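Architecture and fold: a report
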Number of protein chains: 2
Amino acid sequence: MGTGTRELDALGRQVVDFFVDGVRVLGLPPSVGQIYGLLFISRTPLSLDDFVRLLRISKGSASQGLRMLKGLGAVREADDHNGAERRVYYEPAVELKRLVGGFIREQIRPHLDSGKSKITRLYRSADLIDDASQRQFVTERIERIDHWMRSSSRVLPVVQKLLGK
Amino acid sequence: MGTGTRELDALGRQVVDFFVDGVRVLGLPPSVGQIYGLLFISRTPLSLDDFVRLLRISKGSASQGLRMLKGLGAVREADDHNGAERRVYYEPAVELKRLVGGFIREQIRPHLDSGKSKITRLYRSADLIDDASQRQFVTERIERIDHWMRSSSRVLPVVQKLLGK
DNA sequence: TCTTGAGTTCAAAAAATATTGAACTGAGCC
DNA sequence: GGCTCAGTTCAATATTTTTTGAACTCAAGA
């Protein structure tokens, strides 16, 4: 497990950079893309030390990046046959459905949920408007946001399902 | 058109903040959320100066934010009945389908496209690997990314369609 | 042609975000 | 108990992103 080499070959760097760009779009830090990318192109599970050595990032970054990837379900611990090994090794999750599911659960759902409670508060504020016509206009706009959020909630499972194939 | 008031009421601020958080998730700058949010809750079209005054942002931010919103199709110029008006007024696009369409076109498609050419380059690099077994492993992984991207491309139009209702 | 003013540009400043690294924790071995 | 070492934490630092504001452009009116 792991790897003894001290540096990443050209193709490895190319893949790592690809994932750095990829996670950027998703609003995740570069270190997360580097770690996932390296894991993705590695034939064997890797440990925190492997990431530090091959990507030349700090232990802190590697630790935090791995935590996020674990949270997203993008990475799993390799089962440690070789019994007495203290170090933990990781493997990438490579099924798109799973990756997207984790992203939705960790990054999108929480926002939709907190959005929901904000909408409730907006409705209450709108009710306090004195002028009837202004109140109606504002209420209609809030209803529209509300509808947007419901639509989005409905679409997410479909997306996940479609990506499973 | 526009508004004479010098400051935003409490509900207005609430809505603006809601959109600031919203666009954040999409990776757009706060000023863009402020501008769109103000427009969204305004009964009349607004001009650049209105944004500067009510949101207390610089002319530069307002100009750049509007440019981005125009690019996304999230904002349109109000037609200027009152003939001789130099200033341009804006209205928000409020149909989710349209907003999502603009976002896909401007922010997602370009990444998928540039990703595609990177994949091509990766395939070429993989072909140069000497060791047959390593070459096969790497090629399989690249094929997997390739497949991810194709899946994503197929899903986008479906998403847009589903959000249209 | 000169003046006005709406809107743009972009280098510099400010703010937000990510990374570092040294101190710390805690599990396991002797 | 004391030592080792894998991994975590977090304040300080570095980097990136966003905003600012002053100079500029350009169209229209006088």
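Residues numbered from 1 in each chain as written. Chains lettered and ligands numbered in written order. Predicted model: local features only at pLDDT ≥ 70, side-chain atom pairs only at ≥ 80, totals over all residues.

What to know about the overall build of chain A
Keep this limit in mind: Each helix corresponds to a stretch of at least 4 residues labelled H or I by DSSP, and each strand to a stretch of at least 2 residues labelled E; elements are numbered beginning at the N terminus. Here the globule rule is a power law, 2.2 Å times the number of residues to the power 0.38, and the radius of gyration is based on C-alpha atoms. Any residue whose C-beta has 12 or fewer other C-beta atoms within 10 Å is treated as exposed, any with 20 or more as buried, and any in between as partly exposed, C-beta atoms being built from the backbone.
When its secondary structure is counted, chain A shows six helices and three strands. Counting from the amino terminus, helix and strand elements in chain A follow one another as α-α-β-α-α-β-β-α-α. Taking 165 residues into account, the globule formula puts the C-alpha radius of gyration at 15 Å, and chain A, at 22 Å, lies well above it. Each of the three principal axes of chain A carries a C-alpha extent, and together these read 75 × 30 × 30 Å. A buried classification covers 27% of the 165 residues belonging to chain A.

Examining unusual backbone geometry
Glycine aside, a negative phi is what most residues show, and trans is what most peptide bonds show. All names here are of chain A. Phi at Arg 56 takes a positive value of approximately 55°, unusual for a residue other than glycine. Looking at the element boundaries, Arg 56 is found in the loop between α3 (48-55) and α4 (59-71). Overall, Arg 56 belongs to the exposed group, with 11 C-beta atoms counted inside 10 Å.

Some points on the interface of chain A and chain B
Basically, it comes down to this: A residue pair is marked as a contact if its C-beta atoms, positioned from the backbone, fall within 7 Å. Residues are grouped as follows: nonpolar covers Ala, Val, Leu, Ile, Met, Phe, Trp, Tyr, Cys and Pro; charged covers Asp, Glu, Lys and Arg; every other residue, Gly included, is treated as polar.
Across the contact, 28 residues belong to chain A and 28 residues belong to chain B. Secondary structure elements with two or more residues in the side of chain A that touches chain B: α1 (10-25), α5 (96-127) and α6 (132-163) of chain A. The greatest single-element share of the side of chain A that touches chain B, amounting to 11 residues, is contributed by α6 of chain A. Each residue belonging to the side of chain A that touches chain B can be placed in one class, and the counts come to 19 nonpolar, five polar and four charged.

Quick word on the protein's contact with DNA strand D
Let me state the cut-off plainly: Each residue receives a C-beta atom built from its backbone; the residue is near a molecule or strand if that atom lies within 6 Å of it.
Gly 60, Ser 63 and Val 88 of chain A together with Ser 31 and Gly 60 of chain B are the nearest of the 22 residues found near DNA strand D. Going through the elements one at a time, α3 and α4 of chain A together with α2 (30-40) and α4 (59-71) of chain B are the ones with two or more residues in the surface near DNA strand D. With six residues, the top contributor of residues to the surface near DNA strand D is α4 of chain A.

Section: the relation of the copies chain A and chain B
Here is the rule we go by: C-alpha atoms of residues with pLDDT of at least 70 in both copies form the basis for the least-squares superposition of the copies.
For the pair chain A and chain B, the relating rotation is 180°, the translation along its axis is 0.0 Å, and the fit reaches an RMSD of 0.0 Å. On this basis, the relationship between the two copies can be described by a two-fold rotation axis. Taking C-alpha positions as the reference, the residue of chain A nearest the rotation axis is Gly 27 of chain A, at 3.2 Å. Here 100% of the contact residues of chain A are again contact residues in chain B; the copies associate through an equivalent surface.

A few points about the pairing of strand β3 (residues 89-92) of chain A
Residues and elements named next belong to chain A. Stated formally: The rule for pairing is simple: two strands pair if DSSP sees at least two bridges between them.
The alternating pattern of β3 places Tyr 90 and Pro 92 on a buried face and Tyr 89 and Glu 91 on a face that is not buried. Both strand β1 (residues 46-47) and β3 contribute to a ladder of two bridges, which runs antiparallel. Considered in β3, the bridge of Ser 47 is made with Tyr 89. Bridge analysis of strand β2 (residues 75-77) against β3 gives three bridges, and the strand direction is antiparallel. When the bridges of β3 are listed, Arg 76 appears paired with Glu 91.

Focus on the packing of α5 of chain A against helix α1 (residues 10-25) of chain B
The cut-off we apply is this: Only the stretch in contact is used when a helix axis is fitted, and all axes are lines through C-alpha atoms; the angle between N-to-C directions ranges over 0 to 180 degrees. By the definition adopted for this analysis, an angle is roughly parallel if under 35 degrees, roughly antiparallel if over 145, roughly perpendicular if from 65 to 115, and oblique otherwise. Handedness of a crossing follows from how the near helix is turned relative to the far one, being left-handed for an anticlockwise turn of less than a right angle and right-handed for a clockwise one.
Two numbers describe how α5 of chain A lies on α1 of chain B: the axes approach to 10 Å, and their chain directions differ by 165°. Relative to α1 of chain B, the element α5 of chain A lies roughly antiparallel. The chirality of how α5 of chain A crosses α1 of chain B is left-handed. Residues His 111, Lys 118, Leu 122, Ser 125 and Ala 126 of chain A of α5 of chain A touch α1 of chain B, and the partners they reach there are Ala 10, Leu 11, Gln 14, Val 15, Phe 18 and Val 25 of chain B.

Quick word on the domain arrangement of chain A
All names here are of chain A. As a reminder of what qualifies: Annotation comment: domain bounds sourced from an automatic or database domain assignment.
Each assigned domain of chain A is listed with its residue range as follows: domain 1 (10-92) and domain 2 (96-163). Centre-to-centre separation of domain 1 and domain 2, based on C-alpha positions: 33 Å. Contact residues are listed per partner, giving five residues for domain 1 and five residues for domain 2. Taken together, the residues that form the side of domain 1 that touches domain 2 break down as three nonpolar, two polar and no charged.

Quick word on the sheet that holds β2 of chain A
Residue and element names in this part refer to chain A. Read across the sheet, three strands follow the order β1-β3-β2 without closing on themselves; strand pairing throughout is antiparallel. What marks the edges here is a single partner per strand, and that holds for β1 and β2. Where helix α2 (residues 30-40) meets the sheet, it contacts β1, β2 and β3, and its direction lies at approximately 85° from that of β3.

A short note on the sheet that holds strand β2 (residues 75-77) of chain B
The strands that make up a sheet pair up through hydrogen bonds in the backbone, lying either parallel or antiparallel. Residues and elements named next belong to chain B. Judged by pairing direction, the sheet is antiparallel, and its three strands sit side by side in the order β1-β3-β2 without closing on themselves. If you trace the sheet from one side to the other, it starts and ends with β1 (46-47) and β2, each paired once. Set on the sheet, α2 makes contact with β1, β2 and β3 (89-92); between it and β3 the angle comes to about 85°.

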